[in-house]
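Spelled out, the chains give:
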Amino acid sequence: MANGAREARATAPGKVILCGEHAVVYGQPAIALPVEAVVATASVVAIEDGRIVLDMPDIGERDSSPADADHPFARLARATLAALGVTGSTGLRITLTSTIPVASGMGSGAALGAALVKAVALHHRRLLRPPEVSALVYQSERYYHGTPSGIDNTVVSFAQPIWYQRMSPGRPALIEPITALGHWTLLLGDTGVRSPTRSTVGALRERWTADPARHDTIFMAIGEIVRAARRAMEGGDEVTMGALLNQNHALLGELGVSSPELDRLAAAATDAGAGGAKLSGGGGGGIMLALVTSQNAGAVETALKAAGAVRVIETRLHQSGQGGVLV
Ligand code: PMV
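Quick look at the structure, then. Bear in mind that the values here come from a model prediction, so they are computed numbers and not experimental data. (Residues numbered from 1 in each chain as written. Predicted model: local features only at pLDDT ≥ 70, side-chain atom pairs only at ≥ 80, totals over all residues. Heavy atoms only, no water.)

Once that is clear, we can look at the site of the ligand. Surveying the vicinity of the ligand reveals 16 residues, the closest of which are Lys15, His22, Ser149, Asp152 and Thr197. One of the backbone N or O atoms of His22 is found 2.8 Å from an oxygen atom in the ligand. Within the side chain of Asp152, a nitrogen or oxygen atom sits 2.6 Å from an oxygen atom of the ligand. If you list the elements that add at least two residues to the shell around the ligand, you get strand 1 (8–19), helix 4 (151–158) and helix 5 (197–210). Class assignment of the residues belonging to the shell around the ligand gives a composition of six nonpolar, seven polar and three charged. (Near = heavy atom within 4 Å. Polar contact = N/O pair within 3.5 Å; in protein donor to acceptor, adjacent residues only side chain to side chain. Helix = DSSP H or I, 4+ residues; strand = E, 2+ residues; numbered from the N terminus. Nonpolar A, V, L, I, M, F, W, Y, C, P; charged D, E, K, R; others polar.)

With antiparallel pairing, the four strands of this open sheet are ordered in space as 8-9-7-10. Looking along the sheet, the strands with just one partner apiece sit at the ends: strand 8 (276–280) and strand 10 (311–317). Averaged over all pairs of adjacent strands, the angle between their axes in this sheet comes to 25°, without regard to strand direction. With seven bridges joining them, strand 7 (residues 184–190) and strand 10 adopt antiparallel strand pairing. (Pairing = 2+ DSSP bridges. Axes fitted to C-alpha atoms, helices over the stretch in contact; angles between N-to-C directions.)

Contact pair helix 1 (residues 72–84) / helix 2 (residues 108–123): the axes reach a minimum separation of 9 Å and the direction vectors enclose 40°. Between helix 1 and helix 2, the angle is such that the two are oblique. In this structure, helix 1 crosses over helix 2, and the sense of that crossing is right-handed. Here Phe73, Leu76, Ala77, Thr80, Leu81 and Leu84 of helix 1 lie close against helix 2, whose contacting residues are Gly109, Leu112, Gly113, Leu116, Val117, Val120 and Ala121. Its residues assigned to classes, the contact of helix 1 with helix 2 shows ten nonpolar, three polar and no charged. (Parallel < 35°, antiparallel > 145°, perpendicular 65-115°, else oblique. Left-handed = near helix turned anticlockwise from the far one by under 90°. Contact = heavy atoms within 4.5 Å.)

Take the pattern of salt bridges next. For the structure shown, the criterion picks out twelve salt bridges. With a closest N to O distance of 3.1 Å, Asp49 and Arg51 form a salt bridge. Across the salt bridge formed by Glu314 and Arg316, the nearest N and O atoms sit 2.9 Å from each other. Three or more residues joined by partner-sharing salt bridges are found here, namely Glu176, Arg230 and Glu234. (Salt bridge = Lys/Arg side-chain N within 4 Å of Asp/Glu carboxyl O.)

Here the phi dihedral of His22 falls at roughly 70°; this positive angle occurs in a residue that is not glycine. By secondary structure assignment, the location of His22 is in the loop between strand 1 and strand 2 (30–47). Judged by its relative accessible area of 5%, His22 falls in the buried class. A positive phi angle, near 50°, is found at Ala159, a position not held by glycine. Positionally, Ala159 belongs in the loop between helix 4 and strand 5 (162–165). Relative accessible area serves as the criterion here: at 25%, Ala159 is assigned to the partly exposed category. (Buried < 20%, exposed > 50% of the residue type's maximum accessible area, 1.4 Å probe, protein only.)

Here we take up helix 1. For helix 1, which comprises 13 residues, the first-to-last C-alpha distance of 18 Å matches the rise-based estimate of 18 Å (1.5 Å per residue) to within 8%. Three or more residues of helix 1 are buried, namely Pro72, Phe73, Ala74, Leu76, Ala77, Thr80, Leu81 and Leu84. (Expected span 1.5 Å × (residues − 1).)

If you look at the biggest cluster of nonpolar residues, it comprises 100 residues, and the most contacted ones within it are Leu18, Ile31, Ile94, Leu116, Met233, Met241 and Leu304. Here the element with the most residues in this core is helix 2; it accounts for ten residues. Once residues within four sequence positions are removed from consideration, Met241 is found in contact with Leu18, Trp184, Ala229, Ala232, Met233 and Leu291. (Core = buried A, V, L, I, M, F, W, Y, C linked by side-chain atoms within 4.5 Å.)

Structure (structure tokens):
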């Protein structure tokens, strides 16, 4: 048999949205960064009985349930086989593990999907390019998130900092790798409050429907912040970036997607010397990010924990040929 008991394994990083979340759903640009300090891993082995069996030991789901065939990840595996042109595949046992906090704005579902797609392709001795991986993962993101912008599946599939903007219906999104100048350090503070993105995106959609003019004005202001943030990133201007992060957080508060826990962590970070801080991702809970220096990172981390952060992840933006990753 071609594949025998060979194990194919692939990983995908977590991610943070530096700025522009929520507004990105309504056509504004956003910037997202991969976070390689946390990772999703998929391994694939052939099994004889033709089924796709999912094993998710640390994600609270177990294999062999009758629902397996309908599970979005099983569907994603079948879609991947179809995209590869593989017919008559043996069954697959797919094991998914992750160190990415779930439902906290770090892209855990998208990263699991990207790892799965890459591992299924590898199992068939094929490599898929990032746009192909991303397009497949988008389908399972829709199952979990309803109307995702596509930014999560893009950044974890490309595994590099990206500028992302949805275009008018029917046109592909604008995706550009970004290069940061200088060494940026971010602290990610986890509120410990699990808040599904689908809920905050759905509730905001209802508020937007009730008052589109007010919300569109805020979305446009966020779009301007994101454009300025790109210039600051490419110019190595940390002072400006910090101020922009604070402004973006205030506007997210006006959109109603912050929370007392997120506001407390953001205030604690800036009081302790962070250049700026904001919630990141869907909001309502999950994580906030703070821009720090090597001099004040320790003090900010201590302040975040005192203000209730259940976990603090330090990430650094390193340069690479393609713009850098956070590790
Ligand atoms: O998956 P999260 O929680 O990082 O949120 C994604 C960002 C949103 O803009 C809130 C939603 C989306 O689909 O872009």
